[in-house]
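Structural description and commentary
Next come the chains, spelled out residue by residue.
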Amino acid sequence: MPVAMVSYADTRDQYDSVPTVLDPKPAGLILHAASELPDGRVQIVDVWESIDASKAFEQTLFPAFEKAGLLEEMMSREQPVAYETFDLVK
């Protein structure tokens, strides 16, 4: 079952500092969207085919955080929670 996850970056510069990890599109990723909020934070919405697909992507994402010098900061934050979707329009 697809799962939706919402996460945040403190700033657009922080979001942009993470090396491109979505090219090519990761296996199991249905949707990725990033929006700059009025307070300057970036809200990131990802929809995955399954929780397993989202967990597999961590093997790519965490090294990208480390390369950007953000791994410790990201790991110290509350981690995104995967919620099963009940209505997904593609």
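Bear in mind that the values here come from a model prediction, so they are computed numbers and not experimental data.

1. Regarding the sheet that holds strand E3 (residues 42–48)
Across the sheet, which stays open at both edges, the four strands sit in the order E2-E3-E1-E4 with antiparallel pairing between neighbours. The strands lining the two open edges of the sheet, one partner per strand, are strand E2 (29–36) and strand E4 (83–84). In this structure, strand E1 (residues 3–9) lies alongside E3, joined through seven bridges in antiparallel fashion. Across the sheet, alanine 9 pairs through a bridge with valine 42, a residue of E3.

2. Points about the pairing of E1
A regular strand carries its side chains on alternate faces of the sheet. Burial along E1 is one-sided: the face carrying Val3, Met5, Ser7 and Ala9 is buried and the face carrying Ala4, Val6 and Tyr8 is not. Note that E1 and E4 share two bridges and pair antiparallel. If you follow alanine 4 over to E4, its bridge partner there is tyrosine 83.

Reading guide: rules and limits
- Residues numbered from 1 in each chain as written.
- Predicted model: local features only at pLDDT ≥ 70, side-chain atom pairs only at ≥ 80, totals over all residues.
- Heavy atoms only, no water.
- Pairing = 2+ DSSP bridges.
- Helix = DSSP H or I, 4+ residues; strand = E, 2+ residues; numbered from the N terminus.
- Buried < 20%, exposed > 50% of the residue type's maximum accessible area, 1.4 Å probe, protein only.

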